[in-house]
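The primary structure of each chain is shown beneath.
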Amino acid sequence: MKTNPGRFFEDYRLGETIRHAVPRTVSGGERALYHALYPARHALYSSDAFAQGCGLPASPLEDLAAFHVVFGKTVPDISLNAVANLGYAEGRWLLPVYPGDTLRSESTVIGLKENSNGKSGVVYVRTRGLNQRDDVVMDYVRWVMVRKNKLDAPAPEAVVPALKPALGAEDLVIPAGLDFTGYDFALAGEPHRWADYAVGEKIDHVDGVTIEDAEHMIATRLWQNTAKVHFDATFREDGKRLIYGGHVISMARALSFNGLANAQMIVALNGGAHANPCFAGDTVKCWSEVLDRAETPAPGVGALRLRLVAVKQGAKPFALKGEDGKYLPDVLLDLDYWALIPK
Amino acid sequence: MKTNPGRFFEDYRLGETIRHAVPRTVSGGERALYHALYPARHALYSSDAFAQGCGLPASPLEDLAAFHVVFGKTVPDISLNAVANLGYAEGRWLLPVYPGDTLRSESTVIGLKENSNGKSGVVYVRTRGLNQRDDVVMDYVRWVMVRKNKLDAPAPEAVVPALKPALGAEDLVIPAGLDFTGYDFALAGEPHRWADYAVGEKIDHVDGVTIEDAEHMIATRLWQNTAKVHFDATFREDGKRLIYGGHVISMARALSFNGLANAQMIVALNGGAHANPCFAGDTVKCWSEVLDRAETPAPGVGALRLRLVAVKQGAKPFALKGEDGKYLPDVLLDLDYWALIPK
Amino acid sequence: MKTNPGRFFEDYRLGETIRHAVPRTVSGGERALYHALYPARHALYSSDAFAQGCGLPASPLEDLAAFHVVFGKTVPDISLNAVANLGYAEGRWLLPVYPGDTLRSESTVIGLKENSNGKSGVVYVRTRGLNQRDDVVMDYVRWVMVRKNKLDAPAPEAVVPALKPALGAEDLVIPAGLDFTGYDFALAGEPHRWADYAVGEKIDHVDGVTIEDAEHMIATRLWQNTAKVHFDATFREDGKRLIYGGHVISMARALSFNGLANAQMIVALNGGAHANPCFAGDTVKCWSEVLDRAETPAPGVGALRLRLVAVKQGAKPFALKGEDGKYLPDVLLDLDYWALIPK
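Parameters and conventions
Residues numbered from 1 in each chain as written. Chains lettered and ligands numbered in written order. Predicted model: local features only at pLDDT ≥ 70, side-chain atom pairs only at ≥ 80, totals over all residues. Heavy atoms only, no water. Contact = heavy atoms within 4.5 Å. Buried area = accessible area lost by both parts, 1.4 Å probe. Salt bridge = Lys/Arg side-chain N within 4 Å of Asp/Glu carboxyl O. Polar contact = N/O pair within 3.5 Å; in protein donor to acceptor, adjacent residues only side chain to side chain. Helix = DSSP H or I, 4+ residues; strand = E, 2+ residues; numbered from the N terminus. Expected span 1.5 Å × (residues − 1). Buried < 20%, exposed > 50% of the residue type's maximum accessible area, 1.4 Å probe, protein only. Axes fitted to C-alpha atoms, helices over the stretch in contact; angles between N-to-C directions. Parallel < 35°, antiparallel > 145°, perpendicular 65-115°, else oblique. Left-handed = near helix turned anticlockwise from the far one by under 90°.

Named according to an unreviewed UniProt entry, chain A is Mesaconyl-CoA hydratase originating from Gemmobacter lanyuensis.

As structure tokens, then:
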């Protein structure tokens, strides 16, 4: 058998590290495509001159683009036989990625727990993205439910890693040289600074984008994420292509510019849930809630912990969960992240 | 309120200059996307070697791509509450834009006239695109009808700028070094030179492209033009996404290659009307009319003033307006521009 | 008449060389778009670091992207009035193409044979792609059936070139410096090496992609192939846009990664048939058959001759032709090529 059958639950060993295939060199092409696929307008990722004014050598690749590249490489080894994508935690962006950098990924199995039905189990991995100098550019924990192939394979000792519900300000890694003391608010697009956001404040980002199959496939392929369900209309019984959850993340983050234009850099991913599937024809909108605020040691740089909620057409303003504690059916994404913003 | 409500008619002051947000560094990525989105084949914008043979340091970004970038930045400040895009005038391309350049825009209010209904008014702006050295790479005048928010706001003194109906040959700025004396007509794709075009001549450009929602959204986002009406299918009552007028301009210009392959560089925009809206599923074709011819001081370089008319399926050849003087319903665009062509 | 009417059968002369128009400089933009349009994952074309580990200076443009650029330029001169694309032979990739290279094409007429009906004829051309140093980067023979315009034009002397049914190992040109002795199979994605493939072995590549009009148009325009039938929904009576055959080639080649991840470089095209037309909505899958194996003089580098068959939804596994010897209706492509793979 020459094709990749993917790994099943019984194929993972606690502590093993999987080197994922197909490293990728990024260029201005990936940058331009990111701007073509999402209404991304954060100035630091749009203009070399603006980024240099913030102390960086040039405009980096969007943080979420770097995430998608790193994540995409893990799919053939981690989620080909996954039944569900259960969660993210402790995600950190450690180094900006620039055109010319080559990214690869590796994942260490940090937890395993077979389900009581004996047919599947939960695999926890800590994934690292590395550049051509073997510097770690980001890492995050992800856990997925994976089918067993051999149902009689013995259950491994259950190990569930202790994960932080959210990273704290002390966990955030600020890019070297970042300095917002000369920040140009007019060029960035909004006057609101760190002190203008209050914990508990909610922002309706107003704009919406109706999703096309061609667009989410172009985006998902760009990250070399080739899970069948995103591309093959004959795969699901309903003939629909399930949209890669990361496409919704990037769409919502880009739409959040309107109200959070100065929340420039994403530095941590505390958690995230793909609450409901998204399909072509859905119109994605989003809202944010300020969850926390923190100082950072970098000049002029503050941090906001934000909840970013993507919804589809017909959603009620700021509605997240029903009385049963479950996500409402028109909620697509509930993401918890830290961003850097000028003080 | 954190999101941008846009400006209303009473928010503009004669003489004020608005610095538009989100500067953008362009690369080979934007170039490749332009060629992927439009059937663009003008050799000077396709090949560094060809451009160097014409005296330029490299192949510039398509003139219309530069226009779209500059224009896109003005949308949040100028046309978010616009009821209608009324016209363009005195547009000039002053410097070629190359990969690596960073563009930003600013607009000066040069005219204001409240409508007699007291509910809206016309705003005239002169917009400049600037590069990272603060050189002006293009400027143009645009006027739009904008809603009033406070209907009791006093009407400003009416000022309507005097605008040239068309720029003259003396107004055209020829890129430094441009020299068509060694022009390679075979590589450019057609033998027709300046002297082969007669004033009054009309050319049916034959080819057509059927427009997809995914394509115009990708294009429009690439220029960071985020007007809702182009992206959100829930915005209009008919569920259609209105196609950015600039998408039709670029599509028509690219299709005009077949018959005007040597009309390489656009140097002036005399005027333009988006005669009727364009929607996904429309098939865009176009025709041109030679309006004027002029010499230029650059070696081997002549200029043609051209009318470029985009139409949709079913249009009669070369038909523009009805007996009532109004554009026929299948006319999408009527553009008046100057292009440089070898003599 | 300013527009290009294309050439008719009587316009070709044996031995003449046609310089095709519109040279093209490629960049990281074309590379990124190729990865966005096809699920391309061969590591040598994805990562500079991986390519350098194989002895190349950087990651080249995908071989098929170079082919599409070279091919696209020939369309206005060779196939604008073509009734049928009859075949390919003796295709060779002679030099890798890197970002920054400028490609142009020229074709020599090497055969002419009027059909007995006197209304059309077959034109054989050998096409060369050249870079900015006038090095030939690839060449191939293609033959097409072209309509006559003047039915009374005399038939030329029939000349049918002798073409090899397949290139032999001795015809293959290995890129200078290529060395697979330090090949990283983990990063490449599969452990299978040259010796693991047996002549006659067939591989079902499992994955599928459903095709969208927006995607094949973006791809086809990227190669500046502007044949009406791919873009204009009003051109065919059924309102469908015929998908450029090269789009199916690239889609199938990319899908063949799953099972042939190490068949890194395409070095020869022995032949190919576009067995049936492909339209938006079709789901493309593919399978391969190992036709031959050969040694090469380069360190660690073997060659596989492969049949790549693209099919659409509903095709039976490995079924190619019916009892009548004709391709089955759900077969889209039958391609015969040589690829380099580590030993």
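A. Looking closely at the interface of chain A and chain C. On the side of chain C, 47 residues touch chain A, which itself brings 32 residues to the contact. Summed over both sides, the interface between chain A and chain C buries roughly 2,900 Å², with carbon and sulfur atoms accounting for 58% of that surface. Inspection of the region where chain A meets chain C yields six salt bridges. One can count 21 residue pairs in polar contact (both at pLDDT 80 or more) joining chain A with chain C.

B. How the structure looks around the interface of chain C and chain B. Counting from both sides, the interface comprises 32 residues of chain C and, opposite them, 47 residues of chain B. Between chain C and chain B the total buried area reaches about 2,900 Å² when both faces are included, carbon and sulfur atoms providing 58% of it. Inspection of the region where chain C meets chain B yields six salt bridges. Between Lys285(B) and Asp232(C) there is a salt bridge whose closest N-O contact spans 3.7 Å.

C. Helix H3 (residues 63-78) of chain A, seen in detail. Between its first and last C-alpha atoms H3(A) spans 22 Å; for 16 residues at 1.5 Å apiece the expected length is 22 Å, and the two agree. Most of H3(A) is tucked away: 16 of the 16 residues are buried.

D. Quick peek at unusual backbone geometry. Of note, Gln224(A) is a non-glycine position whose phi angle comes to about 55 degrees, a positive value. For Gln224(A), the position within the fold is in the loop between helix H5 (213-222) and helix H6 (245-255). Overall, Gln224(A) belongs to the buried group, its relative accessible area being 4%. Of note, the phi angle at Phe318(C) is positive, near 65 degrees, even though the residue is not glycine.

E. Representation of the packing of helix H1 (residues 28-37) of chain A against H5(A) in the model. All names here are of chain A. Contact geometry of H1 with H5 gives a least axis separation of 11 Å together with a crossing angle of 150 degrees. On the basis of their axis angle, the class for H1 and H5 is roughly antiparallel. Relative to H5, H1 is oriented so that their crossing is left-handed. For the pair H1 and H5, the contacting residues are Glu30, Leu33 and Leu37 in the first and Glu215, Ile218, Ala219 and Leu222 in the second.

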